[in-house]
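Listed below, chain by chain, are the residues.
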Amino acid sequence: MNDEQIAAREAEVLGAPPRVRPLAPEELSPEVAELAREIGNVLGIPEPEDLAIWFKIMAHHPGLYRRHLEVGIELLGRGALPPVERELAIMRTGWLCGAPYEWSEHVAIARKLGVDAATIERVIVGSAAPGWSEHERALIRAVEELLADKMIGDATWEVLARSWNERQLIELPTLVGQYVAVAMMQNSLRLPLSHDRHGLRQR
Amino acid sequence: MGKIERGDIDVDIAARQRQVVGNGPRIAPIPQDQFVGEPLQVCIDIRESIGVTDHSFIPEYMRTLGKHPKLLRRQMETGMTIFTGTIPPRERELAILRIGWLMRAPYEWGEHVDISKRYGVTAEEVERATHGSSAPGWSEHDRAIIAAVEELIGDQAIAEETWNTLARTWNEQQLIEFPTIVGQYVATAYVQNTLRMRLASDNPGLSFR
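Undergrad: Any details on the nonpolar core? Residues and values, ideally.
TA: In globular proteins that are soluble, nonpolar side chains generally tend to be buried together. If you look at the biggest cluster of nonpolar residues, it comprises 118 residues, and the most contacted ones within it are A:Met91, A:Trp103, A:Leu172, B:Ile153, B:Phe178, B:Val182 and B:Val186. For this core, the element with the highest residue contribution is helix α10 (residues 166-189) of chain A, accounting for twelve residues. Among residues more than four places away in sequence, those in contact with A:Leu172 are A:Leu81, A:Ala89, A:Leu139, A:Ala142, A:Ile152, A:Leu160 and A:Trp164.

Right, here's the structure in full:
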């Protein structure tokens, strides 16, 4: 995506207020507030202020929201994939989905995990970029194949299976599916960016 | 972000089915007689919550994902919550049919042809789901459901006109639930396609109507 395409996409999914009204603080159920603390702990955000609008929107449907969060906690907090590899896959997913919120949050998480600026640029170019290890290239390509062909191809699978056990291999398409789902939800509901985030321009 | 498919799709059913399920599972299911401990308990908990009490045979799908039991539990719980959600079941199943078809997902498509008919989707509508939102015959609301699936899978967002049509019928809970459902069934198709999940004996896959 060039500058113009980024501007067009952000106008489409961020250019107007959220499509579903965020609930006011006094409308939030205690169940939702507890969940906010849980996910904040997993992400290392002691006061999940940044996530507040998302919570207030999803709080219309607390039962479903709890389930959705629990899958996320399982993947982020207790998952089988090494954290940097997990974030590479999520970032490629967020980029291909044109998802400014997801992209900017996970670039920030990846940077905290020590992923450098050059690697972020490489995620944007994709599996064809020079500089990936064979395993990383297969990881990025797996995301691309899932988005385009709805399954991981044989060559990519074989490379991943050299490094990963069965639990990790099961987790990858689940992870990409979860973050495609998050992108669909956030883009559709027009979730505004957190204060200090730069959407698809986040590096 | 990519191409939005609003009509017939260019897919050779036999070739796709060979690609997705033809070579057998990439991860072997845990054999029934060795299916014990945590993975079995996850399946028992989920099955009992929907009133199934005989656990002498656990489907291969669950015995495969049972290799990651905690994730299986979370996924199944999300699925159950969607199944008892706020969108009318017939409308949910219409959406899932279009999802399974656009994902070229033999397992998901075949399963939901059966399930959708139980919830009032007609044989004609199953066929129409393969032709997409541009096919004649949909009500305005049903057409918007199919179009929203097409937009989410092709562009990961819902267009303004489609959203406005849905919002005339659905409340805020249902509008939040919808992209969550689409995401969940996209994720399920990714897993089933990628693991080359074997089709159950009563599921012919993409040729099923």
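Having put the structure on the table, let's press on.
Undergrad: Help me get a handle on the layout of surface pockets, residues and values and all.
TA: Size it by volume and the largest pocket reaches roughly 1,100 Å³. If you go around the largest pocket, you meet 36 residues; those closest to its centre are B:Tyr61, B:Met76, B:Glu111, B:His112 and B:Ile115. Where the lining of the largest pocket is concerned, the elements lending two or more residues are α10 of chain A together with α2 (37-49), α3 (60-65), α4 (69-83), α6 (106-118) and α10 (172-194) of chain B. When residues of the lining of the largest pocket are assigned to their parent elements, the largest contribution, eight residues, is made by α6(B). When we break the lining of the largest pocket down by domain, the ones giving at least three residues each are domain 1 (22-83) and domain 2 (87-207) of chain B.

Undergrad: Hey, could you go over empty space enclosed by the protein for me, with residue numbers and the actual values?
TA: One pass over the structure, following the stated rule, counts two cavities of 30 Å³ or more. Roughly 80 Å³ of volume is contained in the largest cavity. Counting only elements with at least two residues in the lining of the largest cavity, the list comes to α4 (62-77) and α10 of chain A together with α4 and α10 of chain B. A breakdown of the residues in the lining of the largest cavity according to their chemical character gives four nonpolar, eight polar and no charged. Size it by volume and the second largest cavity reaches roughly 40 Å³. In this structure, the second largest cavity is lined by A:Leu147, A:Lys150, A:Val180, A:Met184, B:Met103, B:Leu152, B:Ile153, B:Gln156, B:Val186 and B:Tyr190. Only α10 of chain A together with α8 (140-155) and α10 of chain B provide two or more residues apiece to the lining of the second largest cavity. Each residue belonging to the lining of the second largest cavity can be placed in one class, and the counts come to eight nonpolar, one polar and one charged.

Undergrad: Can you tell me about the interface of chain B and chain A, naming the residues and giving the values?
TA: Contact with chain B, which involves 50 residues of that partner, is made by 52 residues of chain A. The largest per-residue losses of area from chain B upon contact with chain A belong to B:Gln156, B:Ile176 and B:Tyr190, which jointly make up 16% of the total buried on that side. Across the chain B-chain A interface, the total number found is ten salt bridges. Between B:Arg74 and A:Glu70 there is a salt bridge, with the nearest N and O atoms lying 3.6 Å from each other. For the pair chain B and chain A, the number of links is 18 residue pairs in polar contact (both at pLDDT 80 or more). The set of elements that each furnish at least two residues to the side of chain B that touches chain A consists of α1 (13-21), α3, α4, α8, α9 (160-169) and α10 of chain B. Among the elements that make up the side of chain B that touches chain A, the one with the highest residue count is α10(B) (17 residues).

Undergrad: Before we move on, can you summarise the side chain of A:Glu87 with the specific residues and values?
TA: Residues and elements named next belong to chain A. Here Glu87 lies in helix α5 (residues 83-96). Assessed through its relative accessible area of 0%, Glu87 is described here as buried. Those residues in contact with Glu87 that sit more than four places away from it in its chain are Leu76, His106, Ile109, Ala110 and Leu113.

Undergrad: Outline the pattern of salt bridges, listing residues and values.
TA: Under the criterion given, the structure shown has 35 salt bridges over all chains. The partner of B:Glu38 in a salt bridge is B:Lys70, and the shortest N-O contact between them spans 3.1 Å. Linking B:Glu38 in helix α2 with B:Lys70 in helix α4, this pair joins segments that are 32 residues apart in sequence. Relative accessible area serves as the criterion here: at 37%, B:Glu38 is assigned to the partly exposed category. One salt-bridge network, held together by shared partners, links A:Arg66, A:Arg67, A:Glu70, A:Glu74, A:Arg78, B:Arg74 and B:Glu77.

Undergrad: Tell me about helix α5 (residues 89-102) of chain B, and please be specific about residues and values.
TA: Residues and elements named next belong to chain B. Taking 1.5 Å of rise per residue, 14 residues should cover 20 Å, and α5 covers 20 Å from first to last C-alpha, within 8% of that figure. Most of α5 sits out of view: twelve of its 14 residues are buried. Those residues of α5 that are buried lie in contact with α1, α4, α6, α7 (123-131), α8 and α10. Where α5 terminates, the next one or two residues include Arg104, which has phi positive at roughly 50 degrees.

Undergrad: Before we move on, can you summarise the packing of aromatic side chains with the specific residues and values?
TA: Aromatic rings in a pair are described by how distant their centres are and how their planes are angled relative to each other. Residues and elements named next belong to chain B. Scanning all chains against the criterion turns up six aromatic pairs over all chains. Ring plane angle 45 degrees and centroid distance 5.4 Å describe the contact between Trp170 and Phe178, whose orientation is recorded as tilted. Directly above the aromatic system of Phe83 lies the positively charged group of Arg92, at a separation of 4.0 Å from the ring centroid. Above the ring of Trp138, the side-chain terminus of Arg128 is found at 4.9 Å from the ring centroid.

The rules behind the values
- Within any chain, residue numbers begin from 1 and follow the written order of that chain's sequence.
- Numbering of ligands from 1 and lettering of chains from A proceed in the order in which they are written.
- Where totals are concerned, whole chains, interfaces and linings use all residues; where local detail is concerned, this predicted model gives features only for residues with pLDDT of at least 70, and gives and counts side-chain atom pairs only at 80 or more.
- Processing note: side-chain calculations cover all non-hydrogen atoms of the structure and skip hydrogens and water entirely.
- To qualify as a nonpolar core, a set must consist of buried Ala, Val, Leu, Ile, Met, Phe, Trp, Tyr and Cys residues joined through side-chain atoms within 4.5 Å.
- Buried residues are those whose accessible area, probed at 1.4 Å on protein chains only, stays under 20% of the maximum for their type, while exposed residues exceed 50% and partly exposed ones sit between those limits.
- In this text, helices come from DSSP runs of H or I with a minimum length of four residues, and strands from runs of E with a minimum of two, each type numbered from the N-terminal end.
- For this analysis, residues touch if any pair of their heavy atoms sits within 4.5 Å.
- Using a grid of 1 Å spacing that covers the protein atoms alone, one calls a set of points a cavity when a 1.4 Å probe fits there but cannot get out, and a pocket when the set is open and has protein on both sides within 12 Å along at least five of seven lines; lining residues are those with an atom within 4 Å of a point.
- Grid points are joined across faces, edges and corners, and a volume is the space filled by probe spheres set on the points.
- The split into domains, and so the bounds of each, comes from an automatic or database assignment of domains.
- Any residue that is not Ala, Val, Leu, Ile, Met, Phe, Trp, Tyr, Cys, Pro, Asp, Glu, Lys or Arg is counted as polar, Gly included; the first ten are nonpolar and the last four charged.
- Accessible-area loss on putting two parts together, using a 1.4 Å probe and summing over both, is the definition of buried area adopted here.
- Within this document, salt bridges are pairs made up of a side-chain nitrogen of Lys or Arg and a carboxyl oxygen of Asp or Glu, the two lying within 4 Å of each other.
- Between N or O atoms, a polar contact is any pair within 3.5 Å; within protein, one atom must be a potential hydrogen donor and the other a potential acceptor, and residues adjacent in sequence are included only when both atoms are from side chains.
- How far a helix is expected to stretch is found by multiplying one less than its residue total by 1.5 Å.
- Put simply, two rings from Phe, Tyr or Trp (the six-membered ring, in Trp's case) pair if the centres are within 6.5 Å, and we call them stacked under 30 degrees between planes, edge-to-face over 60, tilted for the rest.
- For a Lys NZ or an Arg CZ to count as sitting over a ring, it must be within 6 Å of the ring centre and within 35 degrees of the ring normal.

All quantities given are derived from atomic positions and should not be read as evidence of function.
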